[in-house]
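Descriptive structure summary
Here is how the chains run, residue by residue.
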Amino acid sequence: MSESFPRLHARTRRFTLGVPRAFTIAPDGARIVFLRTKGGCDPVTCLWEFDVASGTERLIADPRVIAADEENLPPEERARRERSREQAGGIVGYSTDAAVTTAAFALSGGLYVVDLKTRSVRHLKTAGPVVDPRVSPTGVHVGYVTGGAFHIQDLEDEVDHALARPESSEVTYGLAEFIAAEEMDRMRGYWWAPSGDAVLVERADDSPVDRWHIADPANPAKQVTEQRYPAAGTANARVELFVLTLDGARVPVPFDDEYLVTVSWDAHGLSIVTLSRDQRTMRLFDVDPATGTSALVREDTDPAWVDIVTGVPGHLSDGTLVWAANLDGGRRLVIGDQPVTPSSLQVREIVDIDGDAVLFRASGEPTEVALWAYKEGRITLVSPSDSGVYTGHTAGGTLVVTGQTLDGEGSTTRVSHHGRPVGPIASHAERPGLDLRVSLIRAGERDLSTAVLFPSGHVPGSAKLPVLMDPYGGPHAQRVLAASGAYLTSQWFADQGFAVVVADGRGTPGRGPEFERAILHDLATPILDDQVDALHGAAARFPDDLDLSRVGIRGWSFGGYLAALAVLRRPDVFHAAIAGAPVTDWRLYDTCYTERYLGHPDEGHYDSSSLFADAEKLDRPLLLIHGMADDNVVAAHTLRLSSALLAAGRPHNVLPLSGVTHMTPQEIVAENLLLLQVDFLKKALT
């Protein structure tokens, strides 16, 4: 390998470049459209098509040939990519008609439409920079958002119409508001009717939301960015829905709950899912698009919170509802009103519904995510039986399965048609070149999923190594998975002379609702206790290899919060910490995420989970890192903790990253951050 791992890790966007993704299968299963860069270090994403009969692929659209200026993005598109954690450039998203014959995408704010048969690309004239273009199911029109207005354009005569214009600068039509995109995985704000003659459009009014300001102190001449940020306990954006017909009619679709979770508009009708502000009640409604009236179909409640499951609602060919719900201690697939999966199989998401078949992801063993199919009362494993993490798509008898295991580098994508293997869709990702030395164990009194990594040349029992805990530790994310890609950075840290321990404690997914809900009203105690428990369990398993007198911990975002929490509250266990972009005071984080676990700030659960009261306890080395342009976990978190530490007379280090957001996508920054962390840890733990 000619480049160091930190440089290659940064250049390849964590080895995601060159990996095929965003698959769309034609209804007859004959073709698969997807996105992929041409190489593992190439950041420009192209649109491709795979022919199932021949097993061959062809390039459909290349941004370099189109010659669009990738850097000239409208601010709404930059925000959308930040919310979706998109790290590549080029064609990072696209849509197709129902027949998958026409595709649309945006490049540098321009609108492009491509005929998938002839590969001819048209650049359409629009009213302004384009965000989120979506072709109508009939392929006659394309919708898009510009300047907060929702437009449609006829693809034959290219006549453009604005169906909804914002009444003020605080209003947008057709875009997901901040909370939906950041916390509910809803990245869109409009939905076409199957007939293509109407659109359900979100109107978001940000005027009730508090104004925050993000500055770049390294460039004082640069204008401050004003942002509407819904912090815990404050107002959210006001969200409304309207059915807009192509002739200009507008029908309101009222709903009472705080949050719009998702929308489904298929051959069986229009449905919306809403969630109460306290997130203990989720409601599914059928909507009459002609009148806007709604009928309650289902109401799910939970004394803690109701989980959002991606991919529902949906319908089988006869209109039977496809849903997911927590029942009898497990998250289960529900068909009609009957659960069809066992409570021991935790449903993660529904990925596709093809006629009477439902393709979904689920976990029996928490470290594994398998791909299953339900059809006619039976569930069948459709991903390989090898332990791993899998996802996929299906339509017209064609199945695409993408997966990773611990045994191989990178992911593989394989295609089958009516059960017959067709072949792979190639990945061009770079190989990390690491000798992965990971052991997956169950550790501690709660049998916590734990990974232990050693340097590639380490001989068991030959020496006790300083320990680095490398968790995320919070809700909605797992670090301990049977997939090699989950441990690349951890293995590199191990190769610098550490025994690295990664643990998923209470609050993390994969082990069922009760395990996740153990953090209700307390984001600190159970999560930190489980990291300590996993550490001691790993040391008991490898007593001659882990030196518990030299333990560091590092993390980013929630993991950064956990790292700072660890040295503040358990200095007897943790001897140094690196806290990247940490949430230090939960009153400064957003409504939907924070209130789900801690409730409203007036309920009194915030102080015990925040870090400021612990500032005077610090007596271990602590490095705080934060991007000054972070609009998710704003830099005020780190700056306020630093001020509290200074007031308490506690020495610490702060590394501000000018112009860097929550993702740290800049290549030089990402590379040097790894090197600086190793240097800090080696000095702190010697």
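One can find the structure itself at the top, above this paragraph.
Position numbers for residues count from 1 along each chain, tracking the sequence in the order it is written. Only residues with pLDDT of at least 70 are given local features in this predicted model, and only at 80 or more are side-chain atom pairs given and counted; all residues enter the totals for whole chains, interfaces and linings. Only hydrogens and water are set aside; all other atoms, that is, all heavy atoms of the structure, feed into the side-chain values.

All right, on to the overall build of the protein then. Put simply, DSSP H or I for four residues or longer makes a helix, DSSP E for two residues or longer makes a strand, and each gets a number counted from the N terminus. Summing up its helical and strand segments, the protein has 11 helices and 44 strands in all. For the protein, the spread of C-alpha atoms along the principal axes amounts to about 70 × 55 × 55 Å. Residue burial is assigned from relative accessible area. The probe radius is 1.4 Å, only protein chains are included, and a residue is buried under 20% of its type maximum, exposed over 50%, and partly exposed in between. When each of the 686 residues of the protein is scored for burial, the buried share is 57%. Roughly 26,300 Å² of accessible area belongs to the protein as shown, and the carbon and sulfur atoms make up 49% of that amount. Asp and Glu are treated as the negative residues and Lys and Arg as the positive ones, with His and the ends of the chain left uncounted. Note on charges: their place is set at NZ of Lys, CZ of Arg, CG of Asp or CD of Glu. Each charge class in the protein was averaged separately, 63 positive and 92 negative side chains, and the resulting centres sit 4 Å apart. The accessible surface values rely on the Shrake-Rupley method and a 1.4 Å probe; as for residues, cover is taken only from the protein chains in view.

Given the number of residues in a helix, its expected span is that number minus one, multiplied by 1.5 Å. Given a rise of 1.5 Å per residue, 12 residues ought to cover 16 Å, and the 16 Å separating the end C-alpha atoms of helix α10 (residues 636-647) matches this to within 8%. Buried residues in α10 make contact with β43 (622-627) and β44 (653-657). G649, located one to two residues past α10, shows a positive phi value of around 70°. Residue contacts follow a heavy-atom distance rule, with two residues in contact if any of their heavy atoms lie within 4.5 Å.

What follows deals with the packing of aromatic side chains. The geometry of an aromatic ring pair comes down to the distance between the two centres and the angle between the two planes. Centre distance within 6.5 Å is the pairing criterion for rings of Phe, Tyr and Trp, where only the six-membered ring of Trp is used; planes under 30 degrees apart are then read as stacked, over 60 as edge-to-face, and the remainder as tilted. Using the criterion set out here, one finds 19 aromatic pairs in the structure. Judged by centre distance (5.2 Å) and plane angle (75°), the ring pair of W492 and F493 falls under edge-to-face. Residue classification places W492 among the buried residues on the basis of a relative accessible area of 7%. Between Y589 and Y593 the ring centres are 5.4 Å apart and the planes differ by 90°, which places this aromatic pair in the edge-to-face class. An identical accessibility class is assigned to Y589 and Y593; each is buried. Through pairs of rings, three or more aromatic residues link up here, namely W305, Y472, F558, Y561, W586, Y589, Y593 and Y597.

On the basis of which strands lie adjacent, the open sheet formed by four strands has the order β6-β7-β8-β9 and antiparallel pairing. Strands at the two margins of the open sheet, each flanked by one partner only, are β6 (95-96) and β9 (121-124). By the bridge criterion, two bridges tie β6 to strand β7 (residues 102-107) in an arrangement that is antiparallel. Pairing of S95 across the sheet is with A104, part of β7. We treat two strands as partners when DSSP finds at least two bridges between them.

Next up on the list: the packing of helix α7 (residues 525-541) against helix α8 (residues 558-569). Only the stretch in contact is used when a helix axis is fitted, and all axes are lines through C-alpha atoms; the angle between N-to-C directions ranges over 0 to 180 degrees. Two elements in contact, α7 and α8, have axes separated by 10 Å at closest approach and are oriented at 75°. Compared by their axis directions, α7 and α8 come out roughly perpendicular. Where α7 approaches α8, its residues I527, L528 and Q531 are matched on the opposing element by F558, L562, L565, A566 and R569. Per-class residue counts for the contact of α7 with α8 are six nonpolar, one polar and one charged. For this classification, under 35 degrees means roughly parallel, over 145 means roughly antiparallel, 65 to 115 means roughly perpendicular, and everything else is oblique. All residues other than Ala, Val, Leu, Ile, Met, Phe, Trp, Tyr, Cys, Pro, Asp, Glu, Lys and Arg, Gly among them, are scored as polar; the first ten of these are nonpolar and the last four charged.

Counting residues in hydrophobic clusters, the biggest one holds 92 residues, and the most contacted among them are W323, L333, I350, F360, L546, F574 and W586. The element contributing the most residues to this core is α8, with nine residues. Among buried residues, those of type Ala, Val, Leu, Ile, Met, Phe, Trp, Tyr and Cys that are joined through side-chain atoms within 4.5 Å constitute a nonpolar core. Membership of the second largest hydrophobic core comes to 29 residues, among which are I578, L657, V678 and L681.

Here the focus is the sheet that holds strand β31 (residues 370-375). In space, the four strands of this open sheet follow the order β29-β30-β31-β32, with antiparallel pairing throughout. Two strands close off the open sheet at either side, each with one partner strand: β29 (346-354) and β32 (378-381). Pairs of neighbouring strands in the sheet enclose a mean axial angle of 30°, with direction left out of account. The sheet contact formed by β29 and strand β30 (residues 357-363) spans seven bridges and is antiparallel.

Bringing unusual backbone geometry into the picture now. Between V312 and P313 the backbone carries a cis peptide bond, its omega angle lying at 10°. Structurally, P313 can be placed in the loop between β24 (294-301) and β25 (314-315). Unusually for a residue other than glycine, A22 sits at a positive phi of about 55°. Within the secondary structure layout, A22 lies in strand β1 (residues 21-25). The class for A22 is partly exposed, based on a relative accessible area of 37%. Positive phi values are uncommon outside glycine, yet H476 reaches one of about 70°. Within the secondary structure, H476 is located in the loop between β39 (465-469) and α5 (488-495).

The rule for a disulfide is simple: a pair of cysteine sulfur atoms within 2.5 Å. Tallying each qualifying case throughout the model produces zero disulfides. Between C41, a free cysteine, and C46, which holds the nearest cysteine sulfur, the sulfur-to-sulfur gap is 15 Å. We classify C46 as buried; its relative accessible area is 0%.

Moving on to the packing of α5 against helix α11 (residues 667-684). Viewed as axis vectors pointing N to C, α5 and α11 meet at an angle of 45°, and their least axial separation amounts to 11 Å. Classed by the angle they form, the pair α5 and α11 counts as oblique. The element α5 and its partner α11 pack so that their crossing is right-handed. Listed contacts from α11 to T489, W492 and F493 of α5 are L674, L675, Q677, V678 and L681. Here the contact of α5 with α11 is composed, by residue class, of six nonpolar, two polar and no charged. A crossing counts as left-handed when the near helix is turned anticlockwise from the far one by less than a right angle, and as right-handed when that turn is clockwise.

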